[in-house]
Amino acid sequence: MSGQNRLPAPLGLYITRDKSVNFTFEGKTYQGLEGDTIASALIANNQWLMSRSFKYHRPRGPLTMAGQDANTLVQLSNEPNVLADRQVISSNLSVTGQNYNGTLEKDKDDKLGYAGRFMPVGFYYRAFYKPAGVWDKWEPFIRKKAGLGFADLTFKPVYHDKAYLFHDVAVIGAGPAGMAAALKAANAGASVLLVDENPILGGALTYHRFDIEGTRATALRAQLTADVLKHDKIKVLTSATCNGWFTDNYLPVIQGNRMFKVRAKQCIVASGAFEQHVVFRNNDVPGVVMSSAAMRLMSQYAIKPANKAVVLTGNDDGYLCALELYKNGVEVPVIIDMRPQVDDSALHDAVVDLGINVLFNSTVFEALPSSDKKRLSAVKIHSITGKGQVAASGVTIPCDLLCMSAGYMPVYQLLCQAGAKLSYNDDSARFALTNLPNNLHVAGSANGVHELDAVINDGEQAAHTSLLSLGLDSEAPAQMTCQRQTNFPWPIFKHPKGKDFVDFDEDLQAKDIINATRLGYRDVQLVKRFSTVGMGPSQGRHSALPTARLVADATHRTVTETGVTTARPPFVPEKLAHIAGRIFSPHRYTPMHQRHLELGAHMIPAGVWRRPAYYGKPADRNSIIQQEANMVRTAVGMIDVSTLGGLEVRGPDAAEFVNRIYTFGFLKQPVGKTRYAVLTNEQGVVVDDGVSCRIAEDHFYITATTGGVDAVYREMTKWNAQWRLSVDIANVTAAFSAVNVAGPLARKVLTKVCSDVDFSNESFPYLAYREGTIQGIPVRLLRVGFVGELGYEIHMPTLFGEALWDLLMEAGAEFNMKPFGVETQRLLRLEKGHIIVSQDTDGMSHPGELSLGWAVNRKKPFFLGSRSVDIVMARKQTRKLVGFKLSAQSTRPKEGHIVLAAANQADCAITGNVTSSEYSSTVGANIGMAFVGIDQQEVGSTFPIRVDNGEIVMAEVVKLPFYDAGNARQEII
Amino acid sequence: MKIMNCPLNGPRNISEFVYGGEVKTMPNHQTCSDKEWAEYVFYSDNTIRIITEWWYHAASGYWFIAERHTASDEILKTYDPSELFNQRVDFESKPELAEEQSV
Amino acid sequence: MGFYNLSSAPELRKSMLNLDTTASIHSSISMKDCSVFSRVGFRGIGAEAFLNANKVPVPAKPNQSLSFQEGLVVLRLSKSEFWLMSTNNQNHEFIAALEAAAQGVENLYRLYCQHSHACFLIEGQDTGTMFAKVCGVDLSAQTFNVGDVVQTSVARISAIVTKQTQDDSDYILLFADIASVQYLWEALTDASAEFA
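Residues numbered from 1 in each chain as written. Chains lettered and ligands numbered in written order. Predicted model: local features only at pLDDT ≥ 70, side-chain atom pairs only at ≥ 80, totals over all residues. Heavy atoms only, no water.

### Thoughts on the overall build of chain C
Step number 1: For chain C, the count of helices and strands is 5 helices and 10 strands.
Step number 2: Relative to its length of 196 residues, chain C is compact, with a C-alpha radius of gyration of 17 Å against a globular reference of 16 Å.
Step number 3: On the principal axes, the C-alpha backbone points of chain C span a range of 50 × 35 × 30 Å.
Step number 4: Expressed as a percentage of its 196 residues, the buried residues of chain C come to 62%. (Helix = DSSP H or I, 4+ residues; strand = E, 2+ residues; numbered from the N terminus. Rg over C-alpha atoms; globule rule 2.2 N^0.38 Å. Buried < 20%, exposed > 50% of the residue type's maximum accessible area, 1.4 Å probe, protein only.)

Structure (structure tokens):
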């Protein structure tokens, strides 16, 4: 038998008795059973101490046995901050405690508790605030003392992914309300998703006792579970946590390594309630637990949690807990009831019949730990004399377990994320959730309903409402109300010696909250930020309510007025791997991609595309680029320009449309000619450029920048949704691939492969457009000059891209034609002074600054930026894009380096920046383009650029282009 | 994640859409003042009310119009732009318009 | 300019998918690259009448598809946009003739979908579950019917998905950016791997 304290079947819903599992905790081997969590297996072996508290290093053990407290955070070999009461053990799992100095058993830092009175609330904020910089010195020390585990830096990523689930109804929580809701919805024909964080269905039915005989829960759970599991309209996810609510019922549900993105038309939150603790001195000693935790240990793990247990209650549920303990052989000397009387006298009679004493109007005022501090040894009981007040003396009763039932707080997190308001009735101490968005419903104890019949009814009510919204037939369940009082209004007994914890995660005591209000923090949100209450791993599950009560009381308000702190996603900590899922990083290849790789291209990202930067090793970048450039200048080269954007505008209004979009005049553009097309947005800023080819009177083919084409297409279609011109606009970027064959020998290459086009300068002049075929492949031919040599862009339907590349490479072989990359192209066009929109322009560049006035027709009635261009061009100009040159020996500026107004003036203005810069062997100098101040643009003058390390270099303004000013090479031959 | 009903494609995750700004009426760009033009280009009211916006369904390349409340973020209706724009828009020639040169 | 025929040289078409670099998996979901199979698209207010006149049946509503003859599928993507696809790659002449017939017809624009979109044909009973891993629209067997067309995002790129049936067996046609074909194939292969 694994562990000394196991109870007989049928207890132990989570465990498999005949399968034992060995694991280690703090280096010592323990045996548990399959299905045990680390915490249950340790408790089965009488090991209650599991962690040290965050601030005072106090010994801690499980509080909830449901993963709702930070007391069970442990370290696995590859993962910190694991909840021991949720992590199921596996063979040879290695577990250690965390946040201690020495060992878990003997933590040298536990003396910090004695220093507690010198560490008041807000201590760190106040003590390390001045002098400036002191925090930096203290931080490493404090972090070490208050660290939570360590990350495994040798960690290997594990495959995580995501998947959508689509359902009519998602039910969060498979307790009695959730299962009843799921069944009613599914029976009416809805497709239902039922999610529960526990390994089996049942919620409170898996541990809570609902009647004196103790038979109701088991029978009901068996029946509901069977009905749910056999229903083909219900999909069940267990061990799955719904970690948030997002707009329109978008629910992230984490199960194992997968995050489900649930899309539900209706969502029913039946998430249950968190049992609340009682605030008294030493309420954190291991062995002081929620009643529900004790019942979970018995029912789910078949563990007898103690030999002698005392129950401290503020409702009738404590009596049921006492009955369950008694039935399982735990001696229960006394039930301490904070109330003056019991609600259900039959319960009282039942416990008295078993010889259990009941003390009304009493509370535990102090828990006494054993001498080694590792376990509860006794409780001190005082009678209650007023709200939070107790009699001076009390009696001490030895026990090794104290079960607390102060009431329940709805698991309201998901609902509040959806905008629901949590309201609290200060008289009845009941919660209600209101203001839910459409298609979101709450049911069961989350809705303040606790009687089992009423809980089931409430689930059915929520299902009924959902079904009506779905348009499905549904019979309304009978209305039922639940009057059961579960919340004791003031379970807070502040002790003069403190250690009466409100928040176990952050070691905050009752006085800390009160002191925060005295320091002026009246708002519960500010109290949270100042004191850190509710900021720990349990996120206010237990601290929110006592904090709200204390703040309300200290500021003479009601809890309704103070409210509670905001709950935000995620509900439980989630790993980044869950959010990331598997990596979807779309990237685009041109049809020549394989050829580039075969030719040894150095590929670089260009937006979502991959393009060859140059062909060769990065170590040889500079020399390769000069070689490739030299090849184009002296012979012929070819570049893959398939990533160029492509747009088609067709129809009777095609010319009118293009004329309205781009700055130039296009109405009279002749068929068979190309024109430079500059796009300004409505603000007059140059946002894209390309070449417009007029294929027919009613047909334009326009190129656009690689990164800009999608936005240009969107703008075009948006404008025509308003203008209603008779045109068809198509984004043909991917449909056409293209190469540019450039260099003095380009014509020779083309004439070899394309026989149906006359390539002579007379028939196919500069800026002309022709169509033809290359071995049956239809091609569009543009005579262009981007790199400043005789050049043809050949555009072909994409599925022919690779075939055409091969044909051209073969044809060019006799001229030693080789491919060149995009970095070489950038150098070549820089030598020609051609701008690249978005590299040489920014979000403010208007055509005047870029010397593009020649490409703007300011006489036509309209183009997108026309009015703004008129306005900015009429104003005083402030900067200009110019070409510059530095000697080859000078430090070469980098793109982005700033241009200064003056060279030797430390505080002078920044007038511009370098946009392009490269060494040109053709020019024999470092060349570039830069924005300069309007008074710095004179050709021949110099301007200062601040380069790396603060060095100032003087660049000379040069008239563009740097190369072949007469354009003879691209136009005349 | 929010769901928006596309008039062409039905209800979809908001991530499938691109925002296109408020539907605005362009002033007569030839006669309005610089200030009027600047207000048209740069300013938004940003008040609590139902606004009319352009939205684009990326996968189908479809522009449509949505009416949305700026405080509740509720989308009240979506429809094809032809419901608002059903007339061909033309721009008057500038008085001094010169003949465009053939290049 | 002469008529620029996209249907020309079908034998020189080459898909950009390179399977040498893709891990092969064993999955109950089968996926075939049909990117080079003949296709054509038309758009414009005259498109429906043109197709009718050429004896091509068209779906009554946008975002619907239908099969006709042997191995031809017509998708209606909007009021005025239609794509025609040969799923068995046996209807090239028909498609080429249709493209030629479109010449000079008013209010009718040919689309370049043959070269702008890759096309996969996907079969297998877990296809809907696999798509739930890459797509935010419910493509499960219960909700995604034969003849439905969905224009959405698949593995973060825009795609057109339709379901059709042949010989009592349903299949899915997926069209997406041709330049992303390698990426998409690998993403779908990975998503399919768990379905043995």
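### Digging into the overall build of chain B
Step number 1: Along its length, chain B carries 1 helix and 6 strands.
Step number 2: Reading chain B from its N end, one meets helices and strands in the order β-β-β-α-β-β-β.
Step number 3: Here chain B has a C-alpha radius of gyration of 18 Å; the compact-globule value for 103 residues is 13 Å, and the former is much larger.
Step number 4: Counting only C-alpha atoms and orienting by the principal axes, one finds that chain B spans roughly 50 × 35 × 25 Å.
Step number 5: Counting over 103 residues, chain B shows a buried share of 41%.
Step number 6: Per element, the accessible surface of chain B, about 5900 Å² overall, is 49% carbon and sulfur.
Step number 7: Within chain B, one finds 9 positive and 17 negative side-chain charges whose respective centroids are separated by 6 Å. (Areas by Shrake-Rupley, 256 points an atom, 1.4 Å probe, with all protein chains shown as cover. Lys, Arg positive; Asp, Glu negative; His and termini not counted. Charge placed at Lys NZ, Arg CZ, Asp CG, Glu CD.)

### As for the sheet that holds strand S4 (residues 72-78) of chain C
Neighbouring strands of a sheet are bound in pairs by backbone hydrogen bonds; such pairs are parallel or else antiparallel.
Residues and elements named next belong to chain C.
Step number 1: The strand order across the open sheet built from 5 strands is S3-S4-S5-S2-S6, with neighbouring strands paired in antiparallel fashion. Whereas interior strands pair on both sides, the edge strands pair on one side only; in this sheet they are strand S3 (64-68) and strand S6 (109-111). For this sheet the average axis-to-axis angle between neighbouring strands, irrespective of direction, equals 20°.
Step number 2: Where S3 and S4 come together, 5 bridges link them in antiparallel fashion. Bridging from a neighbouring strand, Ser67 pairs with Val73 of S4.
Step number 3: Packing against the sheet, helix H2 (residues 92-101) makes contact with strand S2 (39-43), S3, S4, strand S5 (81-86) and S6, and its axis sits at approximately 30° to S2. (Pairing = 2+ DSSP bridges. Axes fitted to C-alpha atoms, helices over the stretch in contact; angles between N-to-C directions. Contact = heavy atoms within 4.5 Å.)

### Looking at empty space enclosed by the protein
Taking a probe equal in size to a water molecule and rolling it over the atoms shows the remaining empty space.
All names here are of chain A.
Step number 1: Under the definition given, this model contains 10 cavities of 30 Å³ or more.
Step number 2: In this structure, the largest cavity occupies an estimated 820 Å³ of space.
Step number 3: Lining the largest cavity are 50 residues, with Tyr207, Ser271, Gly272, Ala273 and Ser445 sitting closest to its centre.
Step number 4: Counting only elements with at least two residues in the lining of the largest cavity, the list comes to helix H4 (176-187), strand S11 (240-242), strand S14 (273-275), helix H6 (291-301) and helix H9 (413-417).
Step number 5: Tallied by class, the residues present in the lining of the largest cavity amount to 25 nonpolar, 19 polar and 6 charged. (1 Å grid on protein atoms, 1.4 Å probe; cavity = no way out; pocket = protein on both sides within 12 Å on 5 of 7 lines; lining within 4 Å. Points joined across faces, edges and corners; volume = space filled by probe spheres on them. Nonpolar A, V, L, I, M, F, W, Y, C, P; charged D, E, K, R; others polar.)

### Regarding the pairing of strand S36 (residues 699-704) of chain A
Residue and element names in this part refer to chain A.
Step number 1: For S36, a buried count of 6 out of 6 residues is recorded, marking the element as mostly surrounded by other parts of the structure.
Step number 2: The side-chain alternation of S36 yields two buried faces, one formed by His699, Tyr701 and Thr703 and the other by Phe700, Ile702 and Ala704.
Step number 3: Where strand S33 (residues 645-650) and S36 come together, 6 bridges link them in antiparallel fashion. Across the sheet, residue Glu648 finds its bridge partner in S36, namely Tyr701.
Step number 4: Note that strand S35 (residues 686-696) and S36 share 4 bridges and pair antiparallel. In the sheet register, Ala696 faces S36, and the bridge partner there is His699.
Step number 5: Linking S35 to S36, which pair antiparallel, is a turn of 2 residues.

### Concerning the sheet that holds strand S6 (residues 75-79) of chain B
Step number 1: Judged by pairing direction, the sheet is antiparallel, and its 4 strands sit side by side in the order S3-S4-S5-S6 (chain B) without closing on themselves. Lying at the two open borders of the sheet, with one neighbouring strand each, are strand S3 (17-22) and S6 of chain B. Within this sheet the neighbouring strands show an average axis-to-axis angle of 30°, counted without direction.
Step number 2: Pairing between strand S4 (residues 50-57) of chain B and strand S5 (residues 62-69) of chain B: 8 bridges, direction antiparallel. Paired with Thr52 of chain B across the bridge in S5 of chain B is Glu67 of chain B.
Step number 3: Against the sheet, helix H19 (residues 709-723) of chain A makes contact with S3, S4 and S5 of chain B, and its axis sits at roughly 130° relative to S4 of chain B, the strand it touches most.

### Here's the deal with the nonpolar core
Step number 1: With 86 residues, the main nonpolar core has Phe23, Ile38, Phe280, Leu325, Val379, Leu401 and Leu402 of chain A as its most contacted residues.
Step number 2: Apart from residues no more than four positions distant in its own chain, Val379 of chain A is found in contact with Val310, Val364, Glu366, Ala367, Val395, Thr396, Ile397, Cys399 and Leu402 of chain A.
Step number 3: Val686 and Phe700 of chain A together with Cys32 and Trp63 of chain B belong to the second-largest nonpolar core, a separate cluster that totals 55 residues. (Core = buried A, V, L, I, M, F, W, Y, C linked by side-chain atoms within 4.5 Å.)

### A look at the interface of chain C and chain A
Step number 1: Listed per partner, the contact involves 44 residues of chain C and 50 residues of chain A.
Step number 2: Our count for the chain C to chain A interface comes out at 6 salt bridges.
Step number 3: Taken together, the links from chain C to chain A amount to 18 residue pairs in polar contact (both at pLDDT 80 or more).
Step number 4: If you tally residues by element for the side of chain C that touches chain A, the top one is helix H5 (residues 181-192) of chain C, at 5 residues. (Salt bridge = Lys/Arg side-chain N within 4 Å of Asp/Glu carboxyl O. Polar contact = N/O pair within 3.5 Å; in protein donor to acceptor, adjacent residues only side chain to side chain.)

### Quick look at the state of the cysteines
Residue and element names in this part refer to chain A.
Step number 1: Inspection of every chain in the model, using the stated rule, returns 0 disulfides over all chains.
Step number 2: No disulfide involves Cys399; its sulfur sits 9.1 Å from that of Cys403, the nearest cysteine.
Step number 3: Of the residues examined, Cys399 reaches a relative accessible area of 4% and is grouped as buried. (Disulfide = S-S within 2.5 Å.)

### Points about unusual backbone geometry
Residue and element names in this part refer to chain A.
Step number 1: The peptide bond linking Pro569 to Pro570 adopts the cis configuration, its omega dihedral lying at 0°.
Step number 2: As for its placement among the helices and strands, Pro570 is situated in the loop between helix H14 (559-562) and helix H15 (576-580).
Step number 3: In this model, Leu960 is joined to Pro961 through a cis peptide bond whose omega is 0°.
Step number 4: Note that Pro961 resides in the loop between strand S48 (952-958) and helix H24 (968-971).
Step number 5: The backbone of Ala302 shows a phi angle near 55°, a positive value even though the residue is not glycine.

### Regarding the interface of chain C and chain B
Step number 1: Facing 12 residues of chain C, the contacting portion of chain B comprises 9 residues.
Step number 2: Both sides together, the interface formed by chain C and chain B hides about 650 Å², and carbon and sulfur atoms give 47% of it.
Step number 3: Of all residues in chain C, the largest losses of buried area upon contact with chain B belong to Asn63, Gln151 and Ser158 of chain C, amounting jointly to 53% of the total for that side.
Step number 4: At the junction of chain C with chain B, the criterion picks out 4 residue pairs in polar contact (both at pLDDT 80 or more).
Step number 5: Of all the secondary structure elements, the ones that give two or more residues to the side of chain C that touches chain B are S4, strand S8 (149-154) and strand S9 (157-166) of chain C.
Step number 6: Per element, the largest residue contribution to the side of chain C that touches chain B is 4 residues, and it comes from S8 of chain C.
Step number 7: The class makeup of the residues in the side of chain C that touches chain B is 5 nonpolar, 7 polar and no charged. (Buried area = accessible area lost by both parts, 1.4 Å probe.)

### Observations concerning the confidence of the model for chain B
Step number 1: In this model, chain B carries an average pLDDT of 91, and 90% of its residues clear a pLDDT of 70 or more.
Step number 2: Considering each helix and strand of chain B separately, the mean pLDDT is smallest for helix H1 (residues 34-42) of chain B, with a value of 95, and largest for S5 of chain B, with 98. (pLDDT = per-residue confidence, 0-100.)

### Considerations on the side chain of Arg633 of chain A
Residue and element names in this part refer to chain A.
Step number 1: If you trace the backbone, Arg633 turns up in helix H17 (residues 621-634).
Step number 2: Judged by its relative accessible area of 5%, Arg633 falls in the buried class.
Step number 3: Separated by 2.7 Å, the side chain of Arg633 and the backbone oxygen of Val787 make a polar contact.
Step number 4: For Arg633, the contacting residues outside a window of four places in its chain are Pro744, Val787, Gly788, Glu789, Leu828, Glu831, Thr922, Tyr963 and Arg969.

### Quick word on H17 of chain A
Step number 1: Taking 1.5 Å of rise per residue, the 14 residues of H17 of chain A would be expected to cover 20 Å, and the 20 Å separating its terminal C-alpha atoms lies within 8% of that figure.
Step number 2: Listing the buried residues of H17 of chain A in full gives Ile624, Ile625, Gln626, Glu628, Ala629, Met631, Val632 and Arg633 of chain A. (Expected span 1.5 Å × (residues − 1).)

### Observations regarding the environment of Thr517 of chain A
Residue and element names in this part refer to chain A.
Step number 1: As for its position among the elements, Thr517 is in helix H11 (residues 510-518).
Step number 2: What makes Thr517 buried here is its relative accessible area of 9%.
Step number 3: Considered as a pair, Thr517 and Leu550 are 33 residues apart in the sequence and their alpha carbons are 9.1 Å apart.
Step number 4: Other than its neighbours up to four places away in sequence, Thr517 contacts Val527, Val551, Ala554 and Thr555.

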